[in-house]
Amino acid sequence: MMVGLMMSCLTGMAQQIKAAVDELYLTADEVPNAVYWLPAPPEPGSTQFVADINQYYWGKEQRLDSARAQKAIREAVYQVKDMAEQFSVPFGMEISEKKTPAIYKVLNRATLTIRLSATKPKVTYMRLRPYVRFNEPTLVPADEEALRTEGSYPSGHTVRGWGMAMLLCEINPAAQDELYKLGYEWGQSRVIAGFHWQSDVDASRMLAAATYARLHTCDDFLEDMAAARREFKKLKKD
């Protein structure tokens with residue numbers, strides 16, 4: 001009975017992993033390899049690392065502004081559906097599986113694909129996060145233990161946030177300024193919250209942009225994006 005239960009669990013896990021992979025537009029080998037073309041994170045003692053430290057203290061100063069601190073906490077969400085809720089404001093329309101199925105579909109698949117591009121550099125460099133290096137608390141204590149042993153470079157949250165801003169701008173270019181504003185602030189929130197160095201965030205924006213461009217060579221993505229734009233135009237008319 002126990003063996004049967006274990007096999008059932010393993011089968012369920014395998015199905016979940018396959019479903020997650022099937023959602024991606026590109027494989028890990030097809031997304032841009034940041035280990036090859038992006039520079040490694042700054043070495044401790046370098047002038048670039050001193051700049052990172054200065055930005056870490058800048059981030060701590062921003063926490064004194066309660067509104068900005070709360071914004072950084074809100075933007076610590078990980079799931080696409082939770083991100084979409086916040087990006088709905090500058091986008092000018094509720095984004096959800098129910099209200100905008102075509103938009104949500106391309107947003108979900110593409111965001112997960114863009115996030116995949118951060119995997120190799122994270123594992124390769126295994127950079128210590130600032131809160132670990134300084135042994136100080138963050139704005140989101142509940143996330144500290146889980147992220148403590150995960151590489152800091154690049155920032156997965158920033159890759160997703162900047163990627164989502166670009167994707168939504170392609171669907172609704174009239175909202176580009178507000179979308180990019182939120183996308184930029186999404187990355188800075190990771191510095192303010194204490195989870196990432198500024199160089200992590202800066203590299204993540206480049207990586208998201210590179211993967212976003214690569215997506216435009218994928219027929220499935222282009223078809224889904226075209227469907228999303230049609231849905232947006234129809235809903236705007238209604």
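Calculation notes
- Residues numbered from 1 in each chain as written.
- Predicted model: local features only at pLDDT ≥ 70, side-chain atom pairs only at ≥ 80, totals over all residues.
- Heavy atoms only, no water.
- Helix = DSSP H or I, 4+ residues; strand = E, 2+ residues; numbered from the N terminus.
- Contact = heavy atoms within 4.5 Å.
- Polar contact = N/O pair within 3.5 Å; in protein donor to acceptor, adjacent residues only side chain to side chain.
- pLDDT = per-residue confidence, 0-100.
- Expected span 1.5 Å × (residues − 1).
- Buried < 20%, exposed > 50% of the residue type's maximum accessible area, 1.4 Å probe, protein only.
- Axes fitted to C-alpha atoms, helices over the stretch in contact; angles between N-to-C directions.
- Parallel < 35°, antiparallel > 145°, perpendicular 65-115°, else oblique.
- Left-handed = near helix turned anticlockwise from the far one by under 90°.
- Nonpolar A, V, L, I, M, F, W, Y, C, P; charged D, E, K, R; others polar.
- Patch = residues over 30% accessible without salt bridge, like charges linked within 9 Å, V, L, I, M, F, W, Y side chains within 5 Å.
- Areas by Shrake-Rupley, 256 points an atom, 1.4 Å probe, with all protein chains shown as cover.
- Salt bridge = Lys/Arg side-chain N within 4 Å of Asp/Glu carboxyl O.
- Core = buried A, V, L, I, M, F, W, Y, C linked by side-chain atoms within 4.5 Å.
- Phe/Tyr/Trp six-rings, centres within 6.5 Å; stacked < 30°, edge-to-face > 60°.

Peer 1: Would you mind going over the environment of K99 with me for this structure?
Peer 2: Within the secondary structure, K99 sits in the loop between helix 5 (80–91) and helix 6 (101–116). Note: C-alpha distance between K99 and L235 (136 residues apart in sequence) is 9.6 Å. Those residues in contact with K99 that lie beyond four places of it in its chain are E94 and L235. Polar side-chain contacts of K99 include one of 3.2 Å to the side chain of E94.

Peer 1: How should the confidence of the model for the protein chain be read in this particular structure?
Peer 2: Low pLDDT means the predicted coordinates in that region are not meant to be read closely. Mean pLDDT over the protein chain stands at 92; residues scoring 70 or higher make up 91%. This stretch, residues 1–19, has a pLDDT under 50; its non-local contacts, to residues over four places away or in other chains, come to zero contacts.

Peer 1: Could you clarify how one ought to interpret helix 11 (residues 176–193) in this entry?
Peer 2: Because each turn of an α-helix spans 3.6 residues, side chains separated by three or four positions in sequence point in the same direction. With 18 residues, helix 11 should cover 26 Å at 1.5 Å per step; its first-to-last C-alpha distance of 26 Å lies within 8% of that length. Restricting attention to buried positions, one finds in helix 11 the residues L179, L182, G183, E185, W186, G187, Q188, S189, R190, V191, I192 and A193. Buried residues along helix 11 sit in contact with helix 3 (47–62), helix 4 (66–74), helix 5, helix 9 (141–147), helix 10 (156–171) and helix 12 (198–215). Remark: G194 follows helix 11 within two positions and exhibits a positive phi of approximately 95°.

Peer 1: Please explain the packing of helix 6 against helix 12 as it appears in this structure.
Peer 2: Describing two packed helices takes the angle between their axes plus the distance from one axis to the other. Here helix 6 crosses helix 12 at 125°, and the two axes come no closer than 9 Å. By the angle between their directions, the pair helix 6 and helix 12 is classed as oblique. The interaxial crossing formed by helix 6 with helix 12 has right-handed handedness. Residue-level inspection shows A110, T113 and I114 of helix 6 in contact with helix 12, the latter providing A208, T211 and L215. When grouped by side-chain class, the residues that make up the contact of helix 6 with helix 12 number four nonpolar, two polar and no charged.

Peer 1: Honestly, a nonpolar patch on the surface in this entry has me stumped. Any pointers?
Peer 2: Residues Y36, W37 and M206 make up a contiguous nonpolar surface patch of roughly 400 Å² in combined accessible area. Its place among the elements puts Y36 in helix 2 (residues 34–37).

Peer 1: How should the nonpolar core be read in this particular structure?
Peer 2: Nonpolar side chains in soluble globular proteins generally cluster together in the buried interior. Ranked by size, the top nonpolar core spans 45 residues in total, and within it F87, F91, L168, I171 and F221 carry the most contacts. Of all the elements in the fold, those that place two or more residues in this core are helix 5, helix 6, helix 10, helix 11, helix 12 and helix 13 (219–237). Considering each element in turn, this core owes the most residues, nine residues, to helix 10. A76, Y131, L139 and V140 belong to the second largest nonpolar core, which has 11 residues in total.

Peer 1: Please explain the packing of aromatic side chains as it appears in this structure.
Peer 2: The description of an aromatic ring pair uses the distance of the two centres, along with the angle that the planes make with each other. For the structure on display, the rule yields 12 aromatic pairs. Counting every residue linked through ring pairs, the aromatic cluster contains F49, Y56, Y57, F134 and W197.

Peer 1: Whenever I open this one, the pattern of salt bridges confuses me. Can you help?
Peer 2: Any two side chains of opposite charge can pair, given that their charged atoms come close. Applying the stated criterion to the full structure yields 17 salt bridges. Among the salt bridges present, the one from E185 reaches K71, with a minimum N-O distance of 3.1 Å. Pair noted here: E185 is in helix 11 and K71 is in helix 4, with a separation of 114 residues, a long-range link. The burial state of E185 is the same as that of K71; both residues are buried. With a closest N to O distance of 3.3 Å, D238 and K234 form a salt bridge. There is no split in this pair, since D238 and K234 are both exposed.

Peer 1: What is the right way to look at unusual backbone geometry in this model?
Peer 2: Here the amide bond leading from Y153 into P154 is cis, since omega sits at -5°, within 30 degrees of zero. Tracing the backbone shows P154 in the loop between helix 9 and helix 10. Located in the positive-phi region is M126, a residue other than glycine, with phi close to 45°. You can see M126 is positioned in the loop between helix 7 (119–125) and helix 8 (130–134). Owing to a relative accessible area of 44%, M126 belongs among the partly exposed residues under this scheme. The backbone phi angle of N135 is positive, close to 55°, even though this residue is not glycine. Inspection of the secondary structure puts N135 in the loop between helix 8 and helix 9.

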